[in-house]
Each structure stands twice: as structure tokens, then as C-alpha cells.
Amino acid sequence: MTNKITIAIDGFSSTGKSTLAKQLAQHLGYVYVDTGAMYRAVTYYAMQKEYITSAGFDVAALVNDLPNISLQFQFNQALGFAEMYLNGVLVEKEIRTIEVSNFVSKIAEVSEVRAKLVEQQKEMGKNKGIVMDGRDIGTVVFPDAELKVFMTASATTRAQRRFDELVAKGDAVTYEEVLKNVEERDYIDTHRDDSPLVMAYDAIAVDNSALTREQQFAVVLDLVAQRTKNI
């Protein structure tokens, strides 16, 4: 496929955005960027510094410390995808916990955090041939992306998927806890003042509640073929 495009995948938490994006990037030979990992890494940093705890959130302290946060993706040949490094330290496992999930939407509400990460994301995609997933990729980061996909599924379906994933990793969580986290993140993501989660006017909605990963991949790959053919 010679005509490279920018593919923006947005949607609610636990809709399989990252899984789909990785599949597409690998199949197309594109660069994959998991923006959620970037926000999770900042969240993990804030937790380590105790800027955000169950007792409160010191936004000013985090904003003042942003220049000291360095994020980098490094490709892992054995795994076949890039992993997140925070200030030179691999944190891929640490940023995927339910504890980080509980705080990440609050971190993502901070305009200064979003500005820092969006600037990096725009730079990553300047040469096209990229698949990026997140909450505001088609609306803010790449408003001119040739293909915008908006992923959705019922909250209960997403919670079950996330619960199964965490249990498989050995995390001690309950389904009720995960469902609560999914619903709370949905509310925060769609109601924040800066870059709320909305479907771009020219995005294509894909409800994968009843789709397998293979079926979902086939649907979106067909959309990619249509877009590249028209360039």
C-alpha cells in the first residue's frame, strides 16, 4: 500500500482501540502511537510524586513539574510493538493497573498536560503512515486525518473485557470495581472542558459489542482500503 494516510482511532475506554491500532500498524507497516500510554505515564508519575491521591489532586504541583517528565516509545522487537518509557525507565506494566486507571481521566483533564502531549503527538504524525488511538485524535491532534474511526461498545461489555484482562495479569479486582471505573471514566472523558471525548463529524462509528477482534479488524481494514484508493 503506497499511499500512506493518517488513521485516527478515538473512543471510550476498553473498546479495544489499542489492539485494533496495533493490528493495523503491523499489517500496513505504519507507526503506532498509544496516546493512552502517554497519559497513563504522566498519571503514574503524579502518583509516585503523590501529586494525586485518593485524598486530592495538587494540579499546580504537577503542572510545575511537567518539564521534568520525559516520555519515549521504544520498539520491542520480541513483542512487536513499542513500549512506554518514563524518564528512561520502562513502565509499560506499571501504567496498566486499575490504580492508574482510576486517576488517568483526572490527569487528562489538565489543559497543560494535554498541551504538552498533543504537541508531541502532532510531531509524531507529521509524515503520515501512522495509526494513533486516544480520545481526541480525530478532533484535536489530527483533525485532517484521512480516516477517523470512533470505537464504542456497551459499558458492561467493556467492563467484562477489562476485568478479564486484569484477572489474566494476576490483578486482584472485582467486576463491580472495573465497571465503576469504566462508567466514571466515560463521564469524565465526555464532560471535561478541554478536548472532551466526542465523535468527529467525519468519523465512522464502529460498535464492537458483538464483534470479534478479527471481524473488527476486517471492517476497519476495508475502510483503510477505501481511503487509500481515493488518494
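Residues numbered from 1 in each chain as written. Predicted model: local features only at pLDDT ≥ 70, side-chain atom pairs only at ≥ 80, totals over all residues. Heavy atoms only, no water.

(A) Here's a closer look at the overall build of the protein chain. Scanning the protein chain from terminus to terminus reveals 9 helices and 10 strands. Taken over the C-alpha trace, the protein chain has a radius of gyration of 17 Å; the compact-globule value for 231 residues is 17 Å, and the two agree within 12%. Counting every position in the protein chain, which comprises 231 residues, the buried fraction comes to 48%. For the protein chain, the accessible area works out to roughly 11100 Å², and carbon and sulfur atoms hold 51% of it. A distance of 4 Å separates the average location of the 25 positive side-chain charges in the protein chain from that of its 32 negative side-chain charges. (Helix = DSSP H or I, 4+ residues; strand = E, 2+ residues; numbered from the N terminus. Rg over C-alpha atoms; globule rule 2.2 N^0.38 Å. Buried < 20%, exposed > 50% of the residue type's maximum accessible area, 1.4 Å probe, protein only. Areas by Shrake-Rupley, 256 points an atom, 1.4 Å probe, with all protein chains shown as cover. Lys, Arg positive; Asp, Glu negative; His and termini not counted. Charge placed at Lys NZ, Arg CZ, Asp CG, Glu CD.)

(B) Seen up close, the UniProt feature "domain: Cytidylate kinase" (unreviewed entry) in the protein chain. UniProt annotation of "domain: Cytidylate kinase" (unreviewed entry) refers to residues 7-224 when read in the numbering used here. What you have in residues 7-224 is 49% helix and 19% strand, and the ends, taken at the C-alpha atoms, are 8 Å apart. (UniProt positions renumbered as here; feature names shortened; annotations may be inferred.)

(C) Focus on the pairing of strand β6 (residues 81-86). The buried count for β6 comes to 5 of 6 residues, which makes it a mostly enclosed element. Relative to β6, strand β5 (residues 71-76) is paired through 6 bridges, and the arrangement is antiparallel. In the strand pairing of β6, Phe-75 is matched with Ala-82. Hairpin connection, β5 to β6: the antiparallel pair is bridged by 4 residues, and Gly-80 has positive phi, about 90°. Alignment of β6 against strand β7 (residues 89-90), held across 2 bridges, turns out to be antiparallel. Following the sheet pairing, Tyr-85 is matched in β7 by Leu-90. (Pairing = 2+ DSSP bridges.)

(D) Broad picture of helix α8 (residues 175-191). The terminal C-alpha atoms of α8 lie 24 Å apart, and with 17 residues this matches the ideal 24 Å at 1.5 Å per residue to within 8%. Taken as a whole, α8 has its buried residues at Val-178, Leu-179, Asn-181, Val-182, Arg-185, Asp-186, Ile-188 and Asp-189. (Expected span 1.5 Å × (residues − 1).)

(E) Fine view of the nonpolar core. One finds Val-42, Leu-62, Ile-69, Leu-71, Met-84 and Val-113 to be the most contacted residues of the largest nonpolar core, which totals 36 residues. Elements that contribute at least two residues to this core include exactly α2 (35-48), α3 (59-65), β6, α4 (98-108), α5 (111-124), β8 (130-134) and α6 (137-141). Of all the elements, α2 adds the most residues to this core, at 8 residues. If we skip the residues at most four places from it in the chain, Val-113 touches Tyr-39, Val-42, Leu-62, Leu-66 and Ile-107. (Core = buried A, V, L, I, M, F, W, Y, C linked by side-chain atoms within 4.5 Å. Contact = heavy atoms within 4.5 Å.)

(F) Spatial organisation of the sheet that holds β7. As summarised here, the arrangement of the 3 strands in space is β5-β6-β7, forming an open sheet in which the pairing is antiparallel. Edge positions in the open sheet fall to β5 and β7, since each of these has one partner strand only. Contacts from α2 reach β5 and β6, with the element oriented near 25° to β6. (Axes fitted to C-alpha atoms, helices over the stretch in contact; angles between N-to-C directions.)

(G) Structural context of the packing of aromatic side chains. Counted by the stated rule, this structure contains 2 aromatic pairs. Measuring from ring centre to ring centre gives 6.3 Å for Phe-163 and Tyr-175, while their planes differ by 90°; the resulting arrangement is edge-to-face. Note that Phe-163 is positioned in helix α7 (residues 155-168) and Tyr-175 in helix α8, a separation of 12 residues in sequence. Since its relative accessible area comes to 21%, Tyr-175 is described here as partly exposed. (Phe/Tyr/Trp six-rings, centres within 6.5 Å; stacked < 30°, edge-to-face > 60°.)

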